[in-house]
Amino acid sequence: MNANNITVTNETVQSDVGICYFDPIDETIKEIGSSYILSSNSYGPIVHKLMVAVSSKSLSKVSIKLVESEDLSSKLDIKLLPGAVTPSYYEFDNVPSYNSININGPLQPYSLIPFFMHIKAKSDIAAISNLPLEVSYEF
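As a starting point, this report considers the structure included with it. The shown structure was predicted, so the numbers you read here are calculated from the model rather than taken from an experiment.

Quick word on the side chain of Asp23
No. 1: Relative to the assigned elements, Asp23 resides in strand E2 (residues 17-23).
No. 2: For Asp23, the contacting residues outside a window of four places in its chain are Thr28 and Lys30.

Topic: the sheet that holds strand E5 (residues 46-54)
Pairing between sheet strands relies on hydrogen bonds along the backbone, with the strands arranged either parallel or antiparallel.
No. 1: Taken in spatial order, the 5 strands make up an open sheet running E3-E2-E5-E9-E7, and their pairing is antiparallel. Because the sheet does not close on itself, it has two edges, and the strands there are strand E3 (28-31) and strand E7 (76-82). Pairwise comparison of adjacent strand axes, ignoring direction, gives a mean angle of 35° for this sheet.
No. 2: Inspection of the sheet shows E2 paired to E5 by 4 bridges, in the antiparallel sense. Looking at E5, one finds that Val17 is bridged to Val54.

Details of the packing of aromatic side chains
No. 1: The full count for this structure, using the stated rule, is 1 aromatic pair.
No. 2: Between Tyr137 and Phe139 the ring centres are 5.7 Å apart and the planes differ by 90°, which places this aromatic pair in the edge-to-face class.

Topic: a nonpolar patch on the surface
No. 1: On the surface, a nonpolar cluster with roughly 270 Å² of combined accessible area is contributed by Phe22, Ile29 and Leu112.
No. 2: Counting through the fold element by element, Leu112 comes out in strand E9 (residues 112-121).

A few points about the pattern of salt bridges
No. 1: With the rule as written, the count across this model stands at 3 salt bridges.
No. 2: Residues Asp23 and Lys30 are paired through a salt bridge, measuring 2.8 Å at the closest nitrogen-oxygen approach.
No. 3: Given the relative accessible area of 27%, Lys30 is considered partly exposed.
No. 4: Between Asp71 and Lys75 there is a salt bridge, with the nearest N and O atoms lying 3.3 Å from each other. Separated by 4 residues within a single helix, Asp71 and Lys75 lie in helix H1 (residues 70-75), roughly one turn from each other.
No. 5: Through salt bridges with shared partners, a single ionic network connects Asp23, Asp26 and Lys30.

Here's the deal with the side chain of Ser73
No. 1: Take Ser73: it is sitting in helix H1.
No. 2: A polar side-chain atom of Ser73 sits 3.4 Å from the main-chain carbonyl oxygen of Glu70.
No. 3: Not counting chain neighbours up to four residues away, the residues in contact with Ser73 comprise Glu68, Tyr98 and Lys122.

Calculation criteria
Residues numbered from 1 in each chain as written. Predicted model: local features only at pLDDT ≥ 70, side-chain atom pairs only at ≥ 80, totals over all residues. Heavy atoms only, no water. Helix = DSSP H or I, 4+ residues; strand = E, 2+ residues; numbered from the N terminus. Contact = heavy atoms within 4.5 Å. Pairing = 2+ DSSP bridges. Axes fitted to C-alpha atoms, helices over the stretch in contact; angles between N-to-C directions. Phe/Tyr/Trp six-rings, centres within 6.5 Å; stacked < 30°, edge-to-face > 60°. Patch = residues over 30% accessible without salt bridge, like charges linked within 9 Å, V, L, I, M, F, W, Y side chains within 5 Å. Areas by Shrake-Rupley, 256 points an atom, 1.4 Å probe, with all protein chains shown as cover. Salt bridge = Lys/Arg side-chain N within 4 Å of Asp/Glu carboxyl O. Buried < 20%, exposed > 50% of the residue type's maximum accessible area, 1.4 Å probe, protein only. Polar contact = N/O pair within 3.5 Å; in protein donor to acceptor, adjacent residues only side chain to side chain.

By themselves, these are just geometric observations and shouldn't be taken as functional.
Set out below in structure tokens:
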């Protein structure tokens, strides 16, 4: 995932919402940037836990959309689900590929809201370094 490919679509500054992950090595929560690589497994699906980070403003809704491209969809099946608890692999069976999710609020300032990304490789791919996401939000 590359920070340059995460687009926040709102009239305000881009620091109102971010996408974060837990770094088990540093034991800290970090914002997704150019050093973050999503792992995949050609033998089965992997579920990644990500979080929406809300800045100092209360939000009413955050939408996250996977941006599908022909190249990406030929290599990977990717799905999103919101929630605080890791969904089972079976729960992702009922979700279309390259879906979008809405996280409805009110979302309090300085909060972290988890969501999950299910990645299933269609070929022998070990990692993803470029996955475009569109993040939009409402106050």
